[in-house]
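Commentary on secondary and tertiary structure
So the chains spell out like this:
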Amino acid sequence: MPVGLTRDAGWEIGVSKTLPLPVAAVWDFLVSPEGLSLWLGPGAALPAEGDPALRSLRPRDRVRLSYGETVLQVAVSPAGDGRTVLTFHQEHMASAEERERQRAHWKGVMDEIVRRAGE
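Just so you know, the residues in each chain are numbered from 1, in the order the chain's sequence is written. Given that this is a predicted model, residues contribute local features only at a pLDDT of at least 70 and side-chain atom pairs are listed and counted only at 80 or more, while totals for whole chains, interfaces and linings are drawn from all residues. As a rule here, side-chain values come from all non-hydrogen atoms in the structure, and water together with hydrogens is ignored.

**Considerations on the nonpolar core**
Across soluble globular proteins, nonpolar side chains have a tendency to be buried as a group. In this structure, L30, W39, V74, L86, F88, W106 and I113 are the most contacted members of the largest nonpolar core, which totals 27 residues. Secondary structure elements follow DSSP: runs of H or I no shorter than four residues count as helices, runs of E no shorter than two count as strands, and numbering proceeds from the N terminus. At the level of secondary structure, the elements contributing two or more residues to this core comprise strand 2 (10-19), helix 1 (23-30), helix 2 (33-39), strand 4 (62-67), strand 5 (70-80), strand 6 (83-93) and helix 3 (96-117). Note on contacts: a residue pair qualifies if any of its non-hydrogen atoms lie within 4.5 Å across the two residues. Other than its neighbours up to four places away in sequence, W39 contacts L30, L46, V63, L65, Y67, L72, V74, F88, W106 and V109. We call a set of buried residues a nonpolar core when its members are Ala, Val, Leu, Ile, Met, Phe, Trp, Tyr or Cys and they connect through side-chain atoms within 4.5 Å of each other. Each residue is placed in one exposure class: buried if its accessible area under a 1.4 Å probe, protein chains only, is under 20% of its type's maximum, exposed if it is over 50%, and partly exposed if it falls in between.

Here it is, written out as structure tokens:
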């Protein structure tokens, strides 16, 4: 089976990075209007509870939602010494090409979050 292709979730990608910030600071930035615009698009808001696009939400831990035809999970976890691991995981993509496009997209988003979250 090719890298990135799974039996249950189709094509998937995960991008993670350790940030020199505490979990609360990273989470609060992610769900702020500025943070949401970086990973969901300008003017975006998290789906409300009861919205079928929202699959699960555990504040200061993870959010899982429908993202077009795919499923996206954004998670934060403590890395020790006040640092945080931020992870974007997307699954149910249609092809290896889409997987590579999304890998580049999430790496760019991650770089921008790293740049702005510490400001």
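**Remarks on the packing of aromatic side chains**
Stacked, edge-to-face and tilted are the three classes for Phe, Tyr and Trp ring pairs, Trp counted by its six-membered ring, which pair at centre distances within 6.5 Å; planes under 30 degrees apart are stacked, over 60 edge-to-face, the rest tilted. Applying the stated rule across the entire model yields three aromatic pairs. Taken together, a centroid distance of 6.3 Å and an interplanar angle of 65° make the contact between W39 and F88 edge-to-face. With W39 in helix 2 and F88 in strand 6, the pair connects residues that are 49 residues apart, well separated along the chain. In this pair, the class of W39 matches that of F88, namely buried.

**Digging into helix 1**
If you check which residues of helix 1 are buried, you get V23, V26, W27, F29 and L30. Taken end-on, helix 1 shows its buried residues confined to a sector of 160°, consistent with a single buried face. Of all possible arcs, the one meant is that of the directions from the helix axis to the C-beta atoms.

**Comments concerning the side chain of T70**
Tracing the backbone through its elements, the reader meets T70 in strand 5. Within the local environment of T70, its side chain forms a polar contact with the backbone oxygen of Y67, the two atoms lying 2.7 Å apart. Nitrogen and oxygen atoms within 3.5 Å of one another constitute a polar contact, given that in protein one can donate a hydrogen and the other can accept it, and given that sequence-neighbouring residues count only through two side-chain atoms. Of the polar contacts made by the side chain of T70, one reaches the side chain of Q90; its length is 2.8 Å. Once residues lying within four places of it in the same chain are set aside, the contact partners of T70 are L65, Q90, E91, H92, M93 and E98.

**A closer look at the sheet that holds strand 5**
In this description, strands pair whenever DSSP reports at least two bridges between them. Spatially, 1-2-6-5-4-3 is the arrangement adopted by the six strands of the open sheet, whose pairing is antiparallel. Each edge of the sheet is formed by a strand with only one pairing partner; in this case those strands are strand 1 (5-6) and strand 3 (54-58). Sheet topology note: the strand 3/strand 4 ladder contains four bridges and is antiparallel. By the bridge assignment, S56 is partnered in strand 4 with R64. Axis definition: a line fitted to C-alpha atoms, over the contacting stretch in the case of helices. Angles run 0 to 180 degrees between N-to-C directions. Relative to strand 5, helix 1 is tilted by about 155°, and along the sheet it contacts strand 2, strand 3, strand 4, strand 5 and strand 6.

**Describing the pairing of strand 4**
Following strand 3, the chain reverses through three residues before pairing antiparallel with strand 4; R60 in that reversal takes a positive phi of roughly 60°. Alignment of strand 4 against strand 5, held across six bridges, turns out to be antiparallel. For R62, the partnering residue across the bridge sits in strand 5 and is A75. Two successive antiparallel strands, strand 4 and strand 5, enclose a turn made up of two residues, where G68 displays a positive phi of approximately 65°.

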